[in-house]
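# Chain and residue survey
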Amino acid sequence: MAETEASSDSAAGMTLDAVRDALVRQEDTIIFYLIERAKFPINSPTYDESRASILGFGGSLVQFIVKETEAAQAKAGRFQNPEEHPFFPDVTPPSLVPPYDYPLVLHRAADFINVNDQIWDMYFKELLPLLTEPGDDGNYASTASSDLNCLQAISRRIHYGNFVAEVKFRDAPQDYEPAIRAQDRDALMKLLTFEAVEEMVKKRVEKKAKIFSQEVTLNSTESKGKYKINPSMVSRLYGEWIMPLTKHVEVEYLLRRLD
Ligand SMILES: C=C(O[C@@H]1C=C(C(=O)O)C=C[C@H]1O)C(=O)O
């Protein structure tokens, strides 16, 4: 690696390898939370806006849990971290705790990016029906908390696209700058896409889902093909939604990177 590249990388303490390692670790978090959510059936009353008559609140139970939890977490400083993005930014209260000095890695382009509306729709419309069994066991509050865990883990992963884009830009500004100046989304998408990496990610998450969600007994190491979540569903989640949305974040970030 050229001297200048190395020093600009280490200035921010970030390399593409380090960023990819963080994404690999986040896979574990996402898969464990999915396994936890799959413990409950779909529990559709959790999502029924007309059914939830919570005093002074007009939405569904899951909206209630997400808004209230996010509000408490916001006051405790969660969204000071550039990796975190609220689902209800319009009503997010300010932090009440002393600020932590997060390393300044990202361009202010990142401040304008929040794709949580798309993540919300994907999660409830596409993913939940694939993840859960039909049925109702009454555990609506725990179900909603479990949804929030999944949503936040997926959101963190997708918005990590900002960091991915930043290190890719720093590694090769000469490649990215013409496409940014031309505001050429397709060219940017081509530059930042690594199909071989995506194939590896899909295979790895399927394997992790198998290992993490197998039945573990003392008598046998065989899972007998019974898993708590469907491993190919996890691969599909990454291939159809998580990676495309991560790349969408990358493109949005890069479009503003020279502002
Ligand atoms: C995240 C990256 O950028 C793109 C998105 C990927 C992903 O979301 O996992 C994987 C490969 C790239 O096409 C990367 O290069 O690692």
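Here, residues in each chain are numbered from 1, in the same order as that chain's written sequence. Per-residue local features are limited, in this predicted model, to residues with pLDDT of at least 70; the limit for side-chain atom pairs, both in listing and counting, is 80 or more; totals at the level of whole chains, interfaces and linings are taken over all residues. Think of the side-chain values as coming from all heavy atoms in the structure, minus any hydrogens and water.

If you look the protein chain up in an unreviewed UniProt entry, it shows as Chorismate mutase from Morus notabilis. According to the UniProt record, the Pathway (unreviewed entry) comment for the protein chain is "Metabolic intermediate biosynthesis; prephenate biosynthesis; prephenate from chorismate: step 1/1." As recorded by UniProt, the Catalytic activity (unreviewed entry) comment attached to the protein chain reads in full: "chorismate = prephenate". UniProt positions are given in the numbering used here, feature names are shortened, and annotations may be inferred rather than shown by experiment.

### Observations regarding the confidence of the model for the protein chain
This prediction gives the protein chain a mean pLDDT of 93; 93% of its residues lie at or above 70. A low-confidence stretch, residues 1–11 stays under pLDDT 50, and its non-local contacts, those more than four residues away or across chains, total seven contacts. This complex was scored by the predictor with a pTM of 0.94 and an ipTM of 0.98. Every residue gets a pLDDT, meaning the predictor's confidence in that residue, from 0 to 100. Only heavy atoms enter the contact rule, under which two residues are in contact if any of them lie within 4.5 Å.

### So, empty space enclosed by the protein
Cavities and pockets are found on a 1 Å grid laid over the protein atoms alone: a cavity is a set of points where a 1.4 Å probe fits but cannot escape, a pocket is an open set with protein on both sides within 12 Å along at least five of seven lines, and a lining residue has an atom within 4 Å of such a point. Grid points are joined across faces, edges and corners, and a volume is the space filled by probe spheres set on the points. Summed over the entire model, instances satisfying the criterion amount to one cavity of 30 Å³ or more. The space that makes up the largest cavity amounts to roughly 40 Å³. If you trace the largest cavity, you find it lined by Glu 70, Arg 78, Phe 79, Glu 84, His 85, Phe 87, Gln 152, Ser 155 and Arg 156. When residues are grouped by polarity, Ala, Val, Leu, Ile, Met, Phe, Trp, Tyr, Cys and Pro land in nonpolar, Asp, Glu, Lys and Arg in charged, and all others, Gly among them, in polar. Class assignment for the residues of the lining of the largest cavity results in two nonpolar, three polar and four charged.

### Quick look at the site of the ligand
In this text, near means that some heavy atom of the residue lies within 4 Å of the molecule or strand in question. Taken together, 14 residues form the shell around the ligand, and within it Arg 20, Arg 157, Lys 168, Phe 194 and Glu 198 come nearest. Here a polar contact is taken to be a pair of N or O atoms separated by no more than 3.5 Å, where protein atoms must pair a possible hydrogen donor with a possible acceptor and residues adjacent in sequence count only if both atoms sit in side chains. Within the contact set of the ligand, an oxygen atom lies 2.8 Å away from a side-chain nitrogen or oxygen of Arg 157. Between the ligand and Glu 250 there is a distance of 3.0 Å, counted from an oxygen atom to a side-chain nitrogen or oxygen. Protein coverage of the free-state accessible area of the ligand, which is 350 Å², stands at 99%. Throughout, a molecule is located in a cavity or pocket provided that more than half of its atoms lie within 2 Å of its grid points. Among the detected pockets, the ligand sits in the second largest pocket. Secondary structure follows DSSP: runs of H or I at least 4 residues long count as helices, runs of E at least 2 residues long count as strands, and numbering of each begins at the N terminus. Mapped by element, the contributors of at least two residues to the shell around the ligand are helix 2 (16–37), helix 6 (161–171), helix 9 (195–212) and helix 10 (231–255). Broken down by element, the shell around the ligand gets its largest block of residues, four residues, from helix 10. Note on areas: Shrake-Rupley, 1.4 Å probe, and residue coverage restricted to the protein chains presented here.

### With respect to the packing of aromatic side chains
Centres within 6.5 Å are what make two rings of Phe, Tyr or Trp a pair, Trp counting through its six-membered ring; a difference in plane orientation under 30 degrees is then read as stacked, over 60 as edge-to-face, and the rest as tilted. All chains considered together, the criterion is met by nine aromatic pairs. Between Phe 57 and Phe 64, the aromatic rings sit 5.2 Å apart at their centres with planes inclined by 75°, giving edge-to-face as the arrangement. With centroids separated by 4.9 Å and ring planes inclined at 90°, the aromatic side chains of Tyr 123 and Phe 124 adopt a geometry described as edge-to-face. Pair check on accessibility: Tyr 123 and Phe 124 agree, each one buried. The rings of Tyr 47, Phe 87, Phe 88, Trp 120, Tyr 123 and Phe 124 are connected pair by pair, giving a single aromatic cluster. Only when the NZ atom of a Lys or the CZ atom of an Arg is both within 6 Å of the ring centre and within 35 degrees of the ring normal do we say a charge sits over the ring. Between Arg 20 and the ring centre of Phe 194, over which it is positioned, the NZ or CZ distance is 5.0 Å. A cation sits over an aromatic face here: Lys 67 above Phe 88, 4.8 Å from the ring centre. Only protein chains enter the area calculation, which uses a 1.4 Å probe; residues under 20% of their type maximum are buried, those over 50% are exposed, and those in between are partly exposed.

### Brief notes about the layout of surface pockets
In this approach a probe as big as a water molecule rolls over the atoms, and the regions it shows empty are the leftover space. Its volume calculated, the largest pocket comes out at about 430 Å³. Taken together, the residues that form the lining of the largest pocket break down as 13 nonpolar, six polar and four charged. One number sums up the size of the second largest pocket: a volume of about 320 Å³. Lining the second largest pocket are 19 residues; nearest its centre among them are Arg 20, Leu 23, Arg 157, Val 197 and Val 201. When residues in the lining of the second largest pocket are grouped by element, the largest group, five residues, is from helix 9. Taken together, the residues of the lining of the second largest pocket sort by class into nine nonpolar, two polar and eight charged.

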